[in-house]
Amino acid sequence: NNIPYGSIPDVNSGYAYEDGIYTLYRASILNGSKPDGTFNPDSNIKRSEVAAILVRMMDPSVRVGPPADLAY
C-alpha cells in the first residue's frame, strides 16, 4: 500500500511510533478504525484487534487493503 507520511489523521509527524505504524499500514496489517485510516493511538486495544493483527502478520492471504480514504 502506498500510504505517505502525514496521511493518517491522528498520527502526527514525530510521533514516537510513526515509522512502525506506517510500516504496518503499508504491509496491509493495519488499516485503521474508520475509512480515513484513523489509528486512535490513545485508546486501549481490544483482544479482537490484537487477534486480527496477529493473524494478518502470520497469514498474508488475510491481509487488508488500505483504508478507503487513503487508497492511492
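As the structure is a prediction and not an experimental result, all values here were calculated from the model.

K.L.:
Now, about a nonpolar patch on the surface: what can you tell me, with residues and values included?
P.N.:
A cluster of nonpolar residues, Ile45, Val50, Leu54, Met57 and Met58, forms a patch on the protein surface that exposes about 510 Å² of accessible area. Within the secondary structure, isoleucine 45 sits in the loop between helix H1 (18-26) and helix H2 (47-58).

K.L.:
Before we move on, can you summarise the environment of glycine 65 with the specific residues and values?
P.N.:
Structurally, glycine 65 can be placed in the segment after H2. In this structure glycine 65 touches Asn1 and Asn31, once residues within four positions along its chain are discounted.

K.L.:
Requested: an account of the nonpolar core, with residues and values cited.
P.N.:
Soluble globular proteins tend to pack their nonpolar side chains together in the buried interior. Ranked by size, the top nonpolar core spans 10 residues in total: Ile3, Ile8, Val11, Ile21, Tyr22, Tyr25, Ile29, Leu30, Ile53 and Leu70. A total of three residues in this core trace back to one element, the largest contributor, which is H1.

K.L.:
Mind laying out the layout of surface pockets, listing which residues take part and the relevant values?
P.N.:
Put simply, the largest pocket is a space of about 480 Å³. Lining the largest pocket we find 19 residues, and of these Leu30, Phe39, Ile45, Glu49 and Ile53 sit closest to its centre. For the lining of the largest pocket, the secondary structure elements donating two or more residues are H1 and H2. Its residues assigned to classes, the lining of the largest pocket shows 10 nonpolar, seven polar and two charged.

K.L.:
An account of the side chain of glutamate 18 is requested, with residue identities and associated values reported.
P.N.:
Summarising the element assignment, glutamate 18 is placed in helix H1. In terms of polar contacts, glutamate 18 uses its side chain to reach the backbone amide nitrogen of glycine 14, at 3.1 Å. If sequence neighbours within four positions are ignored, glutamate 18 has contacts with Tyr5, Val11, Asn12 and Ser13.

K.L.:
How would you summarise the environment of isoleucine 8 if you had to cite specific residues and measurements?
P.N.:
Along the polypeptide, isoleucine 8 turns up in the segment before H1. Isoleucine 8 sits 42 residues away from valine 50 along the chain, and the two C-alpha atoms are 20 Å apart. With near-sequence residues (within four places) excluded, isoleucine 8 lies in contact with Ile3, Ile21, Tyr22, Tyr25, Gly37, Phe39 and Leu70.

K.L.:
Describe in detail unusual backbone geometry, supporting the description with residues and values.
P.N.:
Its identity is not glycine, yet serine 28 carries a phi of approximately 65°, on the positive side. Looking at serine 28, the relative accessible area reads 14%, which means it is buried. In this model, asparagine 40 sits at a positive phi of 60°, which is unusual for a non-glycine residue.

Here is what the cut-offs are and how they apply
- Residues numbered from 1 in each chain as written.
- Predicted model: local features only at pLDDT ≥ 70, side-chain atom pairs only at ≥ 80, totals over all residues.
- Heavy atoms only, no water.
- Patch = residues over 30% accessible without salt bridge, like charges linked within 9 Å, V, L, I, M, F, W, Y side chains within 5 Å.
- Areas by Shrake-Rupley, 256 points an atom, 1.4 Å probe, with all protein chains shown as cover.
- Salt bridge = Lys/Arg side-chain N within 4 Å of Asp/Glu carboxyl O.
- Helix = DSSP H or I, 4+ residues; strand = E, 2+ residues; numbered from the N terminus.
- Contact = heavy atoms within 4.5 Å.
- Core = buried A, V, L, I, M, F, W, Y, C linked by side-chain atoms within 4.5 Å.
- Buried < 20%, exposed > 50% of the residue type's maximum accessible area, 1.4 Å probe, protein only.
- 1 Å grid on protein atoms, 1.4 Å probe; cavity = no way out; pocket = protein on both sides within 12 Å on 5 of 7 lines; lining within 4 Å.
- Points joined across faces, edges and corners; volume = space filled by probe spheres on them.
- Nonpolar A, V, L, I, M, F, W, Y, C, P; charged D, E, K, R; others polar.
- Polar contact = N/O pair within 3.5 Å; in protein donor to acceptor, adjacent residues only side chain to side chain.

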